[in-house]
Amino acid sequence: TREMGKPLAETRGDVQEAIDTAYYAGSEGRRMFGHTVPSELRKKWAMSYRRPIGVAGIITPFNFPLAIPSWKMFPALVCGNSCVFKPAEDVPNTGTLFVEILLEAGIPPEVLQLVHGTGESVGSAIVEHPEIPLVSFTGSTKTGSYIGATCGRMHKRLSLEMGGKNAQIVLDDADLDLALDGALWGAFGTTGQRCTATSRLVLQSGIHDKFLGMLLERTRALKLGDGRRKGTDVGPLIHESSRQKVARYVDIGVQEGADLLCGGKVPDGDDLAHGNFFEPTIFSRVEQGSRLEQEEIFGPVLSVIRVKTVDEAFAVNNGVRYGLSSSVYTRDVNVAFRALNELDNGITYINAPTIGAEAHLPFGGVKQTGNGHREGGWEVYEFFSETKVGYVDFSGTLQRAQIDNYLGTPS
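Described below are features of the structure shown in this document.

## Focus: the overall build of the protein
Scanning the protein from terminus to terminus reveals 12 helices and 17 strands. With respect to the principal axes defined by its C-alpha atoms, the protein has extents near 85 × 50 × 35 Å. Out of the 411 residues belonging to the protein, those deemed buried represent 50%. Expressed as a percentage of contacts within the protein between residues at least 6 apart in sequence, the contacts between residues at least 24 apart total 72%. With an accessible surface of roughly 19,400 Å², the protein has 53% of that area assigned to carbon and sulfur atoms. Seen as two clouds, the 41 positive and the 49 negative side-chain charges of the protein have centres 4 Å apart.

## Here we look at empty space enclosed by the protein
Within the structure shown, the criterion is met by four cavities of 30 Å³ or more. One number sums up the size of the largest cavity: a volume of about 100 Å³. Considering the residues around the largest cavity, the lining is formed by 15 residues, among which Gly192, Ala197, Ser199, Phe298 and Gly299 are closest to the centre. Looking at the second largest cavity, its volume works out to about 70 Å³.

## Points about the pattern of salt bridges
A pair can form between side chains of opposite charge whenever their charged atoms are brought close. Counted under the stated rule, the structure contains 18 salt bridges. Residues Lys86 and Glu89 are paired through a salt bridge, measuring 3.4 Å at the closest nitrogen-oxygen approach. Here Arg285 ties to Asp259 by a salt bridge, and the two come within 2.8 Å at their closest N and O atoms. Of this pair, Arg285 sits in the loop between strand 11 (281-284) and helix 9 (291-294) while Asp259 is found in strand 10 (residues 259-262), placing the two residues 26 residues apart along the sequence.

## Overview of the sheet that holds strand 6 (residues 134-138)
If you trace the five strands from one edge of the open sheet to the other, you get 5-4-3-6-7, paired in parallel fashion. Looking at strand neighbours, the two that pair on one side only are strand 5 (112-114) and strand 7 (157-161), the edges of this open sheet. In this sheet, neighbouring strand axes are inclined to one another by 15 degrees on average, regardless of whether the strands run parallel or antiparallel. Where strand 6 lies against strand 7, five bridges are found, and the strand directions are parallel. Considered in strand 7, the bridge of Leu134 is made with Arg157. Running over the sheet, helix 4 (residues 119-128) touches strand 3 (55-59), strand 4 (82-86) and strand 6 and is turned about 160 degrees from strand 4. Sheet strands touched by helix 5 (residues 141-153): strand 6 and strand 7. Its angle to strand 7, the strand with the most contacts, is close to 170 degrees.

Criteria and thresholds
- Residues numbered from 1 in each chain as written.
- Predicted model: local features only at pLDDT ≥ 70, side-chain atom pairs only at ≥ 80, totals over all residues.
- Heavy atoms only, no water.
- Helix = DSSP H or I, 4+ residues; strand = E, 2+ residues; numbered from the N terminus.
- Buried < 20%, exposed > 50% of the residue type's maximum accessible area, 1.4 Å probe, protein only.
- Contact = heavy atoms within 4.5 Å.
- Areas by Shrake-Rupley, 256 points an atom, 1.4 Å probe, with all protein chains shown as cover.
- Lys, Arg positive; Asp, Glu negative; His and termini not counted.
- Charge placed at Lys NZ, Arg CZ, Asp CG, Glu CD.
- 1 Å grid on protein atoms, 1.4 Å probe; cavity = no way out; pocket = protein on both sides within 12 Å on 5 of 7 lines; lining within 4 Å.
- Points joined across faces, edges and corners; volume = space filled by probe spheres on them.
- Salt bridge = Lys/Arg side-chain N within 4 Å of Asp/Glu carboxyl O.
- Pairing = 2+ DSSP bridges.
- Axes fitted to C-alpha atoms, helices over the stretch in contact; angles between N-to-C directions.

Shown next, in the form of structure tokens:
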């Protein structure tokens, strides 16, 4: 909380997620399954197993300075790899404490190296090092594109977890009080600095005006302040350049003709003068395809889009270059299962906000959010390990697999 500002309740959740991931990783270490299958030939054994790859380059962001490193390093270590870990330069102390905890717990020092610095210097050195065969990165899509090009050229294994422009859809039959809690938490939790943050709110026309009024009332009551103080709902942005970026997008939204309904500025008051605070901001009448609706802001800005039908809502959700998380509030089980099938995201929540992933399920997205690999759950262990196939022939003679098994007529 001292380093990146989010309220203590959120920080405790960050720590708990690392604890949960540790327990899960300890269990998965007993489940590194291979396969034993019949051979085509007599007196021959065939199997596969998982083995380590080598040194893993771990590059993590500022917003979850304990949880995200745990997502990556625990599976990497359980799979038998060593790690070179670069935390975000904005949260060096949390990264250092994490490594100190792991060393105290008995992780051998030679398998875990901590390096501090900027992405341009230390991050690039990790990505471009010829003896680091796999890289796991969480950060911006722009940086991920550079890393992807470099790792592709060097034939490295790469996991990318990048941006999002996530939508919460609230349909006419939704529980509006439940949807309201979800929208507030999704949009303004962690000051909107999550890749899964709710940055778009898609409201069906029948509930649009009523729900928007409820949302504005609750948003205006949110308390900004020091995350260490009881009662703080929204902390500061990570640094001044982030606050300037959010302010630029507010200007963009106004220029595009959207209605600025609340927020949109640096707050007044001496108690907020020395932090990178920005008021929770809501725009309505946001047009599909506008920059405000399409581009990741990574701050407390929520764009409200009105739709008439479920099909239109789904099209709005899918009409961005990202595909991380989505959310639908409805009482219609048929629409709920349609959403699971049709929304083009790695994660879809029904009657829950766009944030809230659990440590034992895969996490990640499609399109420009990721490159197909997943953090968390069982799938990440496949990323951090290599399949090795072994054959044992105890026949004492040369056996030639398909040649000896050929069923056709020799020419």
